[in-house]
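Observations on chain architecture
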Amino acid sequence: QVQLVESGGGLVQPGGSLRLSCVASGFTFSKYAMNWYRQAPGKERELVAAISSAGGSTNYVDSVKGRFTISRDNAKNSVYLQMNSLSPEDTAVYYCNADVYLGEIYAYWGQGTQVTVSS
């Protein structure tokens, strides 16, 4: 079955950095675009970053442009989110997402990893 497992969250001071990882299994990872979403308390889940199947195309929400970098390693079935210059506004649960075609399109989510930016 499809599984997405995130790791790398934690508590970091403003201005600090974290690197999130997501390991995928159960589908042909290299054929699918991958996404990172986040959800802060009381807010809707938002798309933070996306990367194409081969990694040649990336997109970011405006609030993280220049600070976050999404990347992937298809040999390791993994997608990453490097987060620099973190601010308290980045505090949220971060989720890895893939929309996988299995007869029809299904949206799969990891369990989420908490990122807290606080002094």
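Residues numbered from 1 in each chain as written. Predicted model: local features only at pLDDT ≥ 70, side-chain atom pairs only at ≥ 80, totals over all residues. Heavy atoms only, no water.

Quick word on the environment of Phe 27
Along the chain, Phe 27 turns up in the loop between β3 (18-25) and β4 (34-39). You can call Phe 27 buried: its relative accessible area is 11%. The spatial distance from the C-alpha of Phe 27 to the C-alpha of Gln 3 is 8.6 Å, given a sequence separation of 24 residues. Those residues in contact with Phe 27 that lie beyond four places of it in its chain are Val 2, Leu 4, Tyr 32, Met 34, Ala 98 and Val 100. (Helix = DSSP H or I, 4+ residues; strand = E, 2+ residues; numbered from the N terminus. Buried < 20%, exposed > 50% of the residue type's maximum accessible area, 1.4 Å probe, protein only. Contact = heavy atoms within 4.5 Å.)

What to know about the pairing of strand β9 (residues 92-101)
With respect to burial, β9 is a largely interior element, 7 of its 10 residues being buried. Here β4 pairs with β9 via 5 bridges, running antiparallel. Directly across from Asn 35, in β9, lies its bridge partner Asn 97. Inspection of the sheet shows β9 paired to strand β11 (residues 113-117) by 3 bridges, in the antiparallel sense. Following the sheet pairing, Ala 92 is matched in β11 by Val 115. As paired strands, β9 and strand β10 (residues 105-109) are joined by 5 bridges and run antiparallel to one another. The residue of β10 that forms the bridge with Val 100 is Tyr 106. Linkage of β9 to β10, two consecutive antiparallel strands, is achieved through a turn of 3 residues, within which Gly 103 is found at a positive phi near 90°. (Pairing = 2+ DSSP bridges.)

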